[in-house]
Amino acid sequence: QVQLVESGGGLVQAGGSLTLSCAASGRTNSNYAMGWFRQAPGKELEFVAAIDWSGGDTDSADSVKGRFTISRDNANNMVYLQMSSLEPGDTAVYYCAASSFLNVPSVTKRHYDSWGQGTQVTVSS
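What you are looking at is a predicted structure, and each value in this text was computed from that prediction instead of being measured.

Draft legend 1. How the structure looks around the overall build of the protein. Along the protein, the regular secondary structure elements total zero helices and 11 strands. The order of α-helices and β-strands along the protein, N terminus first, is β-β-β-β-β-β-β-β-β-β-β. Expected size for 125 residues packed as a compact globule is a radius of gyration near 14 Å; at 13 Å, the protein falls within 12% of this value. Of all 125 residues assigned to the protein, the portion counted as buried reaches 43%. Partitioning the intrachain contacts of the protein with sequence separation of at least 6 by distance along the chain shows that 58% fall at a separation of at least 24. Accessible surface for the protein amounts to roughly 6100 Å². Of this, 47% is attributable to carbon and sulfur atoms. Once the 8 positive and 11 negative side-chain charges of the protein are each reduced to a mean point, those two points are 4 Å apart.

Draft legend 2. Representation of the sheet that holds strand β3 (residues 18-26) in the model. Here four strands make up an open sheet; going across it, the order is β1-β3-β8-β7 and the pairing antiparallel. At either margin of the open sheet sits one strand with a lone partner, and together these are β1 (2-7) and β7 (68-73). Adjacent strand axes in the sheet meet at a mean angle of 20 degrees, parallel and antiparallel pairs treated alike. Pairing analysis gives six bridges linking β7 to strand β8 (residues 78-83), with the strands arranged antiparallel. By the bridge assignment for β8, Thr69 is matched with Gln82.

Draft legend 3. Spatial organisation of the pairing of β3. By the bridge criterion, six bridges tie β1 to β3 in an arrangement that is antiparallel. Note on β3: the bridge partner recorded for Ser7 is Ser21. Across six bridges, β3 lies against β8 in antiparallel orientation. Its bridge partner lying in β8, Cys22 is registered against Val79.

Draft legend 4. Region of interest: the environment of Gly26. Within the fold, Gly26 resides in strand β3. When the C-alpha atoms of Gly26 and Leu4 are compared, they prove to be 8.8 Å apart, with 22 residues separating the residues in sequence.

Draft legend 5. Local environment of the nonpolar core. Ranked by size, the top nonpolar core spans 33 residues in total, and within it Met34, Trp36, Leu81, Met83 and Tyr94 carry the most contacts. Of all the elements in the fold, those that place two or more residues in this core are β1, β3, β4 (34-39), β5 (46-51), β7, β8, β9 (92-98) and β11 (119-124). With residues near it in sequence (within four places) discarded, Met34 still touches Leu4, Cys22, Ala49, Ala50, Ile51, Ile70, Arg72, Val79, Cys96, Ala97, Ala98 and Tyr112.

Draft legend 6. Summary view of the pairing of β7. The alternating pattern of β7 places Phe68, Ile70 and Arg72 on a buried face, while none of Thr69, Ser71 and Asp73, on the opposite face, is buried. Between β7 and β8, which pair antiparallel in sequence order, lie four residues; one of them, Asn77, sits at a positive phi of approximately 55 degrees.

Rules used in this analysis
- Residues numbered from 1 in each chain as written.
- Predicted model: local features only at pLDDT ≥ 70, side-chain atom pairs only at ≥ 80, totals over all residues.
- Heavy atoms only, no water.
- Helix = DSSP H or I, 4+ residues; strand = E, 2+ residues; numbered from the N terminus.
- Rg over C-alpha atoms; globule rule 2.2 N^0.38 Å.
- Buried < 20%, exposed > 50% of the residue type's maximum accessible area, 1.4 Å probe, protein only.
- Contact = heavy atoms within 4.5 Å.
- Areas by Shrake-Rupley, 256 points an atom, 1.4 Å probe, with all protein chains shown as cover.
- Lys, Arg positive; Asp, Glu negative; His and termini not counted.
- Charge placed at Lys NZ, Arg CZ, Asp CG, Glu CD.
- Pairing = 2+ DSSP bridges.
- Axes fitted to C-alpha atoms, helices over the stretch in contact; angles between N-to-C directions.
- Core = buried A, V, L, I, M, F, W, Y, C linked by side-chain atoms within 4.5 Å.

Written out as structure tokens, the structure reads:
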């Protein structure tokens, strides 16, 4: 199991930017896919972005394409989500996730078996 800790959430005005960080510890190695998911109040957990083990292949939800960028630093066991042009609809708790058996990006939450505690992102209009 990998332990994941997110940071970087906060309150931002619409049009602003935030960068979320996810620090991995425990049984870490570079050969696993990572993802970001989010859950807004009253809504289901939804896929945001994912990245393969090398950082060379990424995937993102249509709703954030062109605005959010996922990246990773395997030397420091970190994953990032750079968010720009934020909208009130991006308000949610954002979760970092890791897969112990996949090394390619996946949009499917059940493919991830380690999850962080989440960080709140609030975008005001």
